[in-house]
Amino acid sequence: MTGIFLAGASRGVGREIAKILTAQGLKVVALLQSEDARAELEALGATVVIGDALDGTTIESLVLAQPLDAVISTLGGKPTDGDRPDFKGNRNLIDATVKAGVKRFILVSSIGTGESAAALPPQALETLGPVLAEKEQAENHLTASGLIYTIIRPGGLKSEPPRGNAVLTENPNIAGSIHRADVAALVCCCLASERSHNKILSAVDRTMLFGQPTFEDFTV
Ligand SMILES: NC(=O)c1ccc[n+]([C@@H]2O[C@H](COP(=O)([O-])OP(=O)(O)OC[C@H]3O[C@@H](n4cnc5c(N)ncnc54)[C@H](OP(=O)(O)O)[C@@H]3O)[C@@H](O)[C@H]2O)c1
């Protein structure tokens, strides 16, 4: 692989993805919107580029500036944020990916979008509603883009070490929690797997499910 463009690398799932991919010897181009995490990302071996995902012109020039095999986005904002990247930032990245002729895009979204809304209780849907609506717009933009996509919708995120119990499923009615490092491992498996092409998958820890649902795992 020539390079993976990673948006959201400063923290959380994105930073865990950067750790895995750089350890695999892959070239990671990490998009940061400030210098704060530069030293840590460079210490991992990533190439840092600085830009605001909401600035389409900058994102286009950064994505077009280097040979890439894939773009991964874990961009996210909080319900209380003003201008969030969940739709506009991801749309800019998806459009730049198309323009660059890069074929592959992995989007970390959220359980609660699209048909997986049915998996969340009404109170969670009400609290997260504005963010989930933007994430759904981003998912729809991606699936209509012609790119080879994988959309991974994690459940509630926790920051403890990986547990190794995480699973993917095509069943949109599943909800639960999952550790960020486990989501990152699933994203990296999908990057290497043709089975994940053009799939929308929920990601949960099978020991932290809401309720006791039965469902089929998706094997990457
Ligand atoms: N929290 C949950 O329980 C939960 C559940 C399901 C899904 N999710 C989603 O899963 C993904 C990963 O979540 P996370 O909690 O690990 O990560 P996160 O803490 O939400 O990190 C979001 C990333 O997006 C970056 N970002 C935000 N606005 C940007 C902009 N305008 N330009 C460039 N970068 C920008 C942030 O950079 P800075 O550090 O510079 O702000 C950060 O790297 C997110 O999409 C999140 O919405 C979260």
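In the block above lies the structure referred to throughout.
Residues numbered from 1 in each chain as written. Predicted model: local features only at pLDDT ≥ 70, side-chain atom pairs only at ≥ 80, totals over all residues. Heavy atoms only, no water.

Summarising the element assignment, H179 is placed in strand β9 (residues 177-179). Separated by 3.4 Å, the side chain of H179 and the backbone oxygen of E160 make a polar contact. Engagement of the side chain of H179 in a polar contact is seen with the backbone oxygen of P161, the distance being 2.8 Å. Sequence-distant contacts of H179, that is, excluding residues within four places in its chain, are made with K158, E160, P161, R163 and M208. (Helix = DSSP H or I, 4+ residues; strand = E, 2+ residues; numbered from the N terminus. Polar contact = N/O pair within 3.5 Å; in protein donor to acceptor, adjacent residues only side chain to side chain. Contact = heavy atoms within 4.5 Å.)

Under the 1.5 Å per step criterion, the end-to-end length of helix α5 (residues 122-143) is only 26 Å for 22 residues, more than 12% shorter than the ideal 32 Å. If you look at α5, its biggest bend is around 70 degrees, right at G129, and the proline P130 turns up within four residues after that. Packed against the buried residues of α5 are α4 (88-100), β5 (104-108) and β6 (148-154). (Expected span 1.5 Å × (residues − 1). Bend = angle between axes of the 7 residues up to and from the residue.)

Looking now at the packing of helix α3 (residues 56-64) against α4. Packing of α3 against α4 leaves a shortest axis separation of 9 Å and a crossing angle of 40 degrees. For the element pair α3 / α4, the angle class is oblique. Note on packing geometry: the crossing formed by α3 with α4 is right-handed. Listed contacts from α4 to G56, I59, E60, V63 and L64 of α3 are N92, L93, A96, T97, K99 and A100. Among the residues forming the contact of α3 with α4, the class breakdown is six nonpolar, three polar and two charged. (Axes fitted to C-alpha atoms, helices over the stretch in contact; angles between N-to-C directions. Parallel < 35°, antiparallel > 145°, perpendicular 65-115°, else oblique. Left-handed = near helix turned anticlockwise from the far one by under 90°. Nonpolar A, V, L, I, M, F, W, Y, C, P; charged D, E, K, R; others polar.)

Next up on the list: the pairing of strand β2 (residues 28-32). Along β2, five of the five residues are buried, which leaves the element largely enclosed by surrounding structure. Alternating positions in β2 separate into two faces, V28, A30 and L32 on one and V29 and L31 on the other, with burial throughout. As paired strands, strand β1 (residues 4-7) and β2 are joined by four bridges and run parallel to one another. If you follow F5 over to β2, its bridge partner there is V29. In the classification by handedness, the crossover that spans β1, the intervening helix α1 (residues 12-23) and the parallel β2 is right-handed. (Buried < 20%, exposed > 50% of the residue type's maximum accessible area, 1.4 Å probe, protein only. Pairing = 2+ DSSP bridges. Right-handed = clockwise from strand over helix to strand, strands pointing away.)

Taken together, 23 residues form the shell around the ligand, and within it S10, R11, V13, D52 and L75 come nearest. Here an oxygen atom of the ligand sits 3.1 Å away from a polar atom, N or O, in the side chain of Q33. Separating an oxygen atom of the ligand from a backbone N or O atom of G76 is a distance of 3.4 Å. Starting from 900 Å² of accessible surface for the ligand in isolation, the protein chains cover 81%. Of all the secondary-structure elements, those providing two or more residues to the shell around the ligand are α1 and β7 (156-158). In terms of residue class, the shell around the ligand is built from eight nonpolar, 11 polar and four charged. (Near = heavy atom within 4 Å. Areas by Shrake-Rupley, 256 points an atom, 1.4 Å probe, with all protein chains shown as cover.)

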